Every structure is written in C-alpha cells, then in structure tokens.
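Each chain, written out:
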Amino acid sequence: MARREQDTKLLDLWQEASEEGDDGIRRLLETVVQRVLDEELTAFLGAESHERTAARQGYRNGYKPRQLKTRVGTLELLVPKDREGRFRTELFERYQRSEKALVLAMIEMYVQGVSTRKVKKITEALCGLEISRTQVSELAKGLDAEIEAWRSRPLSKGYPYLVVDARYEKVRQRPHVASRGVLLVVGIGEDGYREILGAYTANTESETAWSEVFADLRERGLSGVRFVVSDDHQGLRAAIGRHFQGTLWQRCQVHFLRNVLARVSKRDRGWAVDLMRAVTNAETLEEARAALQKAVSALQERYPKVAELLDEHGEEMLAVYQLPEPHRKRMRTTNMLERYNQELKRRTRVVRIFPDDRSCLRLVTALAIEQSEEWQERRYLDLAGAEAAEEEKEKEAA
C-alpha cells in the first residue's frame, strides 16, 4: 500500500511539474531522490521497515537532513541512518560528479566571456556574481584528480567483447569553434559485467586517433578480446585490424540499416526494413545468408546500388552468429551506448559549446564513470553459462 501511495504521489507531482515549470520539477525530483535514498537503505539492510526476515542485516535509526543543489533548485532531503552507523549512500557522490563537471563548464564559459544569457543566469545563481579564474581552478582540482585516476586505472580482467562508438561535440578552439570527436570503448568483462573502459577526445576518427585509444587501453592491461562491434568508419576499422588481429569484427546492424534506408525512397523504406529484418532476425547463420541473398535479388532491379552494397558488405553484419545464441541480440549493435549518449546530449544542450577540450573531456568522463557504476548493478551477459551450453550442443551434434 505504501509503495502504491508513493507511485500515486509521483504521478500527481509529475502532472503538477508539467504545469508549474522549474519549481514543480524540483519537487518531483526531490520526491524521486528521497525514494531512491530510502530504497538504497532497504537494499543495504536486506529488509523493508518493520519487515521480519532472516535476511535482515540491521535496523533503521531515523534520518539526518541534507541539501542537494541542482539546476532546478535545492532539494531538501532526509538521509536514512542505520543503528550501527554503517550505511553510506553513494547517491550524492554519483550525482554531484557530473553536476560538478557541467557547472564547471558553465563557469569557465562565464569567466572567459563566452557564456550565453542562460548560462550566465544559472552560473550566477549557483556561484554568486563574482567568479575568478582561481576559484575555477580550485573547483576543478578535486574532480580532475578523480577523473584522471579513473582514466588511468588498470584493466585487470579479460574483456572478450568490445563495443566501440563515437559522437561529436562543439569545442571552442580560438579563434574558431571546432567539432571534436568523443571516442568511447565499452568492454564486457569475462564476468559478464560491462563498463566504459575509456573516453577520449580527438579531432577526427582517423586510424591514428583510434590507434592511440587502443594503445592506451592495451597499456593499461586490456586483454582477451575476441569480438568487436562498431560502425564502418574506415579509420576505426583499420585501427581494429591493427590492434586486435584475429578477432571477430561485427558491423553495427543499426548503422548498416541506416545506410541502406538513406539510399531508398521514403515509399519503399518499409519494404526495405522488412527485407533487412529477415536477415538480422534469422535464427541461424545459414538462414541469415539466405535472407541476405533474397534481399539482394529483391533490390537489384529498383535499387542496384543498394543491392551491390548488400552483396559486397552484408556479410559484415553476420559475424555475431559466431557468438553463443543468448549473446547475439545484445552484441549485434552499438545501441548499449544510446542511453549514455542521450544523457550527454541532455547535459551538453545547456553548454552548447565547450570552452575548451579539457572541459569537454571532464564532463564526458564524469558521465562515463557514472554509467559504468550503474552498469555494475546488473550482469549484462552470462558468458560462462552460454559457452557451456554451446559446448553441450556441439557434443550432442557430434
């Protein structure tokens, strides 16, 4: 009943928030964060309030007030305590890391005289009217130390699967504004958990830029790579071939589909999508290849260039069939980074143009740390179990 009442309260607050602007959003966020804090203690103790269970690891002991400053106002929260004083919430540390990075980016813009009116208003509200370069340096010092420690951390376990992707952000490089590549590498460890292994910035997605990324990862201990999924960027593919010889390379099926649809008229896109889905949703490699040849034949008359693209490069989408069947759906695209990219886009919409490369890398890395921490809460793939099942199938087939 209590949970249902909380959900009803959240829905009511959501309705009010949409009508009341920032203050409504603040109150909604306050309620959500308070609920997260309470559920974090419940998980720590292994029991709900007043619940009788052998799994209980302790008891609640009231609350202590705590404020959390956000861009929609200050949240007034009550942090729950346990009797032994062992409980320490990680929520504030996780949330404030990326908030600090974003606020620092805005402050740097303000100090350098390149801020928009919106950035100026937010920065003055958060930090006061007078902000010096010395203050910016002090604010950045602690966060930069944490970020650098994460960027240089050793990679001590094997990572059989890699997901590699890039996006672009605008960065001020006086006297111009340049588009800077944000290069990301995700590893799925031998334990089945995923994490962002590294976040980098570069002028382009050249072979040299990606080679520097992979060289850094290998220097930190990256090993055991058997499969890499990415888009078809020429420089990236060359770097993968150079640094991960003998590994399977999977061309992202979503990127490939976009390439196909860009060459097909709007009226025929539904038809083209159905042809491609027959390939990507096939249960076996043989069925996928048969569907691919069917798609090539179907497109030949109306779209010969698309048919040629599929004939020459369609096989690049099918490397995923070499993996255990339970892994294929999640490893056939780079989509796992979509949420991270959406969060980054939401934050950078405020800044619009980063004041310098360091500021961009700071925010990108802070979000990468938080995304990796979130991923550690749930196993992504069961590598050991799936491989054992595949071996059993091969024995039965023999």
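Residues numbered from 1 in each chain as written. Predicted model: local features only at pLDDT ≥ 70, side-chain atom pairs only at ≥ 80, totals over all residues. Heavy atoms only, no water.

Engineer: Which residues make up the confidence of the model for the chain, and what values do they have?
Structural biologist: Atom-level detail of predicted coordinates should not be read off regions where pLDDT is low. The predicted model of the chain has a mean per-residue pLDDT of 82, with 75% of residues at 70 or higher. The model gives residues 6-15 a pLDDT under 50, and that stretch makes eleven contacts with residues more than four places away or in other chains. Here residues 125-129 is modelled with pLDDT under 50, and outside its nearest four sequence neighbours on either side it reaches seven contacts, counting other chains as well. (pLDDT = per-residue confidence, 0-100. Contact = heavy atoms within 4.5 Å.)

Engineer: Which residues make up helix α14 (residues 357-375), and what values do they have?
Structural biologist: Relative to the 27 Å expected for 19 residues at 1.5 Å per residue, α14 spans 27 Å between its end C-alpha atoms, a close match to the ideal helical length. Of all 19 residues that make up α14, 15 are buried, and the element is covered over most of its length. With a side-chain oxygen positioned 3.3 Å from the backbone nitrogen of Arg358, the residue opening α14 is Asp356. (Helix = DSSP H or I, 4+ residues; strand = E, 2+ residues; numbered from the N terminus. Expected span 1.5 Å × (residues − 1). Buried < 20%, exposed > 50% of the residue type's maximum accessible area, 1.4 Å probe, protein only. Polar contact = N/O pair within 3.5 Å; in protein donor to acceptor, adjacent residues only side chain to side chain.)

Engineer: Can you lay out the packing of aromatic side chains for me, pointing to particular residues and giving the numbers?
Structural biologist: Tallied over the entire structure, the rule returns four aromatic pairs. A centroid spacing of 5.7 Å and a plane angle of 65 degrees characterise the contact between Tyr161 and Phe227, whose relative ring orientation is edge-to-face. Taken together, the residues Tyr161 in strand β3 (residues 161-173) and Phe227 in strand β6 (residues 227-230) connect sequence positions 66 residues apart. In this structure, Tyr161 and Phe227 share a single accessibility class: buried. Against the face of Trp271 rests Arg302, its NZ or CZ located 4.9 Å from the ring centre. (Phe/Tyr/Trp six-rings, centres within 6.5 Å; stacked < 30°, edge-to-face > 60°. Lys NZ or Arg CZ within 6 Å of the ring centre and 35° of its normal.)

Engineer: Outline the pattern of salt bridges, listing residues and values.
Structural biologist: Where charged atoms of side chains with opposite charge meet at close range, the side chains can pair. Overall, the coordinates contain 14 salt bridges when judged by the stated rule. For Arg267, the salt bridge is made with Asp268, and the minimal N-O distance between the two is 3.9 Å. A relative accessible area of 72% places Arg267 in the exposed class. With its nearest N and O atoms 2.7 Å apart, the salt bridge here joins Arg289 to Glu315. (Salt bridge = Lys/Arg side-chain N within 4 Å of Asp/Glu carboxyl O.)

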